[in-house]
Structures are given as structure tokens and as C-alpha cells.
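Architecture and fold: a report
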Amino acid sequence: MIKKFSRMAVVAATVVAGFASCSDNDGVGASIVPGTQEAINKACADWRTARANWENTEAFLFGAADVYSIDPHTDTWPVASTDLANVLRDNDKMSNLSTFLKTAKSDILGYHGIEYVLFRDGSPRNINQVTENEYRYICAVAEDLYNATATLEATWDANESNAERKKVAQEYVSTHYALDDEGNVTEEGLVYENFGKAFKNPGAGKRWETNLDATLEIISGCVDIIGEVGNSKIGLPYTGEDVTYVESPYAWNSITDFYDNIISCKNALYGSVGATAPNDKSLIYFCLNSNNNTLKTQAQTVQTKLDNALAKIKAMKYPFVKYYSDSSCKTAMDALTELSTALDALSETLKGYSGNTEVQNACKEINANYVDNVVVATYRTLANNAYTLWQSIKNIKTN
């Protein structure tokens, strides 16, 4: 899976200094957009909502988010401020943004490209600092973001229940390309497919060969994001390996991002969005109610470690962009390591049931519930709120 891309060349001091925008210092797009502070405040609030929805998807970044490079396309940081400033000066690119964004490098796009324009030091930016070019740019980025999120929903919806979003998804896939490990667009074209159908109906030669293989992917998706939060999102700044690798630094949303990432794991494991306890078609419920005492004990350990990890993240010193070296970060990292270890143990036990028909049948039910009530439900809310964000950004300009 392509990860977010670290830019070591960004000066560490900018992290603490507040991440000045390209237009604050060099007069890019000097004409100020006519608008109201209330409108930009609303756009910022809608960004936070849409951002939370995205972070709630990160336990299932396999499938469309990976195959179509939607994860890096919409969620790469740090923002390449110099590159963005150059785009805002480039009349050719600014005159045809919708085309340019399809092949632009990912570190000027998505949530963080929008955040970079809308926020300063955790608060909505002063409307009198937002230029016409910045406004036009984030309008285009927000539209692209909506199209990407609609694609996630449509390509996981096994029932293909939203014809409009399927049309958006087909257009997205036909006009975008895969990204390489540096976030650059490749010449690799994309092929439309339905990941929800594939996950519900595994088989030889398919993405998932058995029902248990698909169920194990639920755990693997959780382990991947737990490792990314602990080792990279928190770990790289905390250890000093890369103090510029701070997610959502302009909105001071980092700790909320981390928390919502682990909530995505809870939803995935408990079988529904906003779950407080495992539902009867969830992976954890199955393990707790199996006839295997090892599975039951391991599932209970996962529950304990999951709640502990969430609590330790919530207790981190705020804002992370200023306190990334605080000891509370290490406490959260340790809790995440314990959660990952617990999930690895559960996964290993489940692998021993590969030839068990009863377990395979139970996994089929778990997977169907997961697709419909976790993945598609989350992506649908995400796409709805990404659309709201796009409209709010367009409404910043009053005439």
C-alpha cells in the first residue's frame, strides 16, 4: 500500500512557527477573494467533519483506496508549499485546474491542500488573507476530493445502489492513474471493479480466495493503520526522525486524526459505525462466542487494548504540532503497539481454521456485514460530507 510521503527538506522550524501559506509572504494571487468570515468558518467546520469521516476509513485502505491510489491522492502530507505557490502563479494550470489535478503530484492535493488554505494555527483563516487564486484552487481540489470519495463508495457498494455515484466513479477511474511511491502519477491506467462484490464472494484467482482470507484482511487493515499511527504519524515527529511529518498541522487536528483512525478499527472489528459493543455479525463477537477459549481470551485482550489505545491518544498533549516530543506521545505509541500485538495473535489463531467449513461460513456472514454496515456506510457518509465541504468552499466567494 502506498503510504503518505515525507518531505525531509521542509525546515523543521516551520512546524512550530505556524506553517505560513504561499500567499502570506510572496503576493501570489494578490487579489483578495470577496467573501465573509462566516463563510470561511463554515467551510472550516465542514472540513473537520469530512476529515473525521476520512480518518474513519483508514482501517480499510485496501481495495479501491489502494488500487486507485485514492489514499495518497487525497491524504498526502506535508504540503509542498513551494510547489503549490508555483501552481498558483502558473496561468496555464490555473486556467484548467480540473485537468491539471488529475496528474498533479499528490502533496498539493486533497484534505491537506484545502487545510493549507483554510486554516491558521488551529483556527479559520482571516478571509482578508485568502486570494482569488487560492479560492479557485481549493474549489477544484474539493471537487476532485468529492469525486474520489464517491468512487470509494460506488466501488465498494456490492448492490450498486447509487447510479449517480457509480457514474462519477467510472469517470474518475477512466481519467486518473496510479501513483508511484513518491506520489507522482504513472502511466498505469485504472480498471473499474466492484470490491464489495469481491469481498463478499471470494474464490480461486480472485482478490480474496476464501471467506477467511477476507476476514483476515479486516484484521490486517486495522494492524496497518495502527502501525502507521504509532510508528509514523506519532513516531516520526516524536523520535525526531522527521519533525515535519505532522498530519493536519494547520487545523491542529492531528490528535483527532489519530483517534479517528483507531475508531475506524473499532468500527471494523465491532461490525458497525459508531459501535460501542460488537454486534452479532462482527468479527469480535464471533471470537468471543466461539468454542475456542484462546480466541475468546484474545478477543477480550483486543477489546481492552483498543479502549486503552483510544484513551492514551485522547490524553496526548494538545496541539500535537507543538508538543510532538511530549511523553504522552510515547505512552500512546506503546498502547498502539500492544493493540497491534493483540490483533496479530488473534489473526494467527484464526489462520488455523482455514479448512473449517463452519468458520468459513461464519466469515462469509462477517464479511457481508462488514462491507454493508462498515465500509459502504462509512464511505457513503464520507462522500456526502465531502460534497457538503465542496459546496461550502464554493460559497466562500460572495460574488
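Here, the structure is the one placed above.
Residues numbered from 1 in each chain as written. Predicted model: local features only at pLDDT ≥ 70, side-chain atom pairs only at ≥ 80, totals over all residues. Heavy atoms only, no water.

1. Brief notes about the overall build of the protein chain
A tally of helices and strands in the protein chain yields 19 helices and four strands. Counting only C-alpha atoms, the protein chain reaches 70 × 50 × 35 Å along its principal axes. Counting the 399 residues in the protein chain, one finds 56% classified as buried. A total accessible area of about 15,500 Å² is found for the protein chain, and carbon and sulfur atoms account for 46% of it. Taking the average location of the 35 positive side-chain charges in the protein chain and that of its 50 negative ones, the two points are 4 Å from each other. (Helix = DSSP H or I, 4+ residues; strand = E, 2+ residues; numbered from the N terminus. Buried < 20%, exposed > 50% of the residue type's maximum accessible area, 1.4 Å probe, protein only. Areas by Shrake-Rupley, 256 points an atom, 1.4 Å probe, with all protein chains shown as cover. Lys, Arg positive; Asp, Glu negative; His and termini not counted. Charge placed at Lys NZ, Arg CZ, Asp CG, Glu CD.)

2. As for the pattern of salt bridges
Scanning the model with the defined rule gives 22 salt bridges in all. When the shortest N-O distance is used, the salt bridge between K330 and D334 registers 2.9 Å. One end of the pair, K330, and the other, D334, are both in helix α18 (residues 327–351), four residues apart, so they sit about a helical turn from each other. On the accessibility criterion, K330 (36% relative accessible area) is partly exposed. (Salt bridge = Lys/Arg side-chain N within 4 Å of Asp/Glu carboxyl O.)

3. Remarks on the packing of aromatic side chains
With the rule as written, the count across this model stands at 21 aromatic pairs. Measuring from ring centre to ring centre gives 5.6 Å for Y387 and W390, while their planes differ by 90 degrees; the resulting arrangement is edge-to-face. In this pair, Y387 and W390 are both assigned in helix α19 (residues 357–394), three residues apart and thus about one turn of the helix distant. Residue Y387 is classed as partly exposed on the basis of its relative accessible area of 37%. Three or more aromatic residues joined by ring pairs form one cluster here, namely F60, F62, Y68, W156, F195, F199, W208, Y370 and Y379. Just above the ring of Y111 sits the side chain of R51; from NZ or CZ to the centre is 5.3 Å. (Phe/Tyr/Trp six-rings, centres within 6.5 Å; stacked < 30°, edge-to-face > 60°. Lys NZ or Arg CZ within 6 Å of the ring centre and 35° of its normal.)

4. Quick notes on the environment of L295
Residue position: L295 is located in helix α16 (residues 293–314). Residue class for L295 comes out buried when judged on its relative accessible area of 1%. The spacing of L295 and P249 is 46 residues in sequence and 40 Å in space, taken between C-alpha atoms. If we ignore the near neighbours within four places in the chain, the residues touching L295 are C287, S290, L346, T349, L350 and Y353. (Contact = heavy atoms within 4.5 Å.)

5. Quick word on the side chain of K233
Take K233: it is sitting in helix α13 (residues 211–239). In contact with K233, not counting residues within four places along its chain, are E55, E58, W77, I225, E228, Y245, E247, F258, N261 and F320.

6. Brief notes about the pairing of strand β4 (residues 185–189)
Alignment of strand β3 (residues 177–179) against β4, held across two bridges, turns out to be antiparallel. Its bridge partner lying in β4, Y177 is registered against G189. Hairpin geometry of β3 and β4 is characterised by an intervening segment of five residues between the two adjacent antiparallel strands and by a positive phi of about 85 degrees at G183. (Pairing = 2+ DSSP bridges.)

7. Considering the nonpolar core
In this structure, I114, L118, Y137, W156 and I234 are the most contacted members of the largest nonpolar core, which totals 123 residues. If we ignore the near neighbours within four places in the chain, the residues touching I114 are W47, I138, V141, A142, L145, L389 and I393. (Core = buried A, V, L, I, M, F, W, Y, C linked by side-chain atoms within 4.5 Å.)

8. Points about the packing of α13 against helix α14 (residues 254–270)
Taken N-terminus to C-terminus, the directions of α13 and α14 make an angle of 165 degrees; their axes are 10 Å apart at the nearest point. Classified by the angle between their axes, α13 and α14 sit roughly antiparallel to one another. Between α13 and α14 the crossing geometry is left-handed. Here I218, C222, I225, I226, V229, K233 and I234 of α13 come into contact with α14, specifically with F258, N261, I262, S264, C265, A268 and L269. Split into classes, the residues belonging to the contact of α13 with α14 amount to eleven nonpolar, two polar and one charged. (Axes fitted to C-alpha atoms, helices over the stretch in contact; angles between N-to-C directions. Parallel < 35°, antiparallel > 145°, perpendicular 65-115°, else oblique. Left-handed = near helix turned anticlockwise from the far one by under 90°. Nonpolar A, V, L, I, M, F, W, Y, C, P; charged D, E, K, R; others polar.)

9. Observations concerning helix α6 (residues 81–89)
Within the span of α6, buried status applies to L84, A85, V87 and L88. Buried positions in α6, seen along its axis, are confined to an arc of 160 degrees and lie on one side of it. (Arc of directions from axis to C-beta.)

10. Here we look at helix α9 (residues 110–118)
A large share of α9 lies buried, amounting to nine of its nine residues. Those residues of α9 not exposed but buried are G110, Y111, H112, G113, I114, E115, Y116, V117 and L118.

11. Quick word on unusual backbone geometry
Between W77 and the following residue, P78, the backbone shows a cis peptide bond with an omega angle of -10 degrees. With respect to the helices and strands, P78 occurs in the loop between α5 (70–75) and α6. The omega angle of the peptide bond from Y318 to P319 is -5 degrees, so this bond is cis rather than trans. Residue position: P319 is located in the loop between α16 and α17 (320–323). Although it is not a glycine, S69 sits at a positive phi angle of roughly 55 degrees. Its place among the elements puts S69 in the loop between α4 (64–67) and α5. In this model, D121 sits at a positive phi of 50 degrees, which is unusual for a non-glycine residue.

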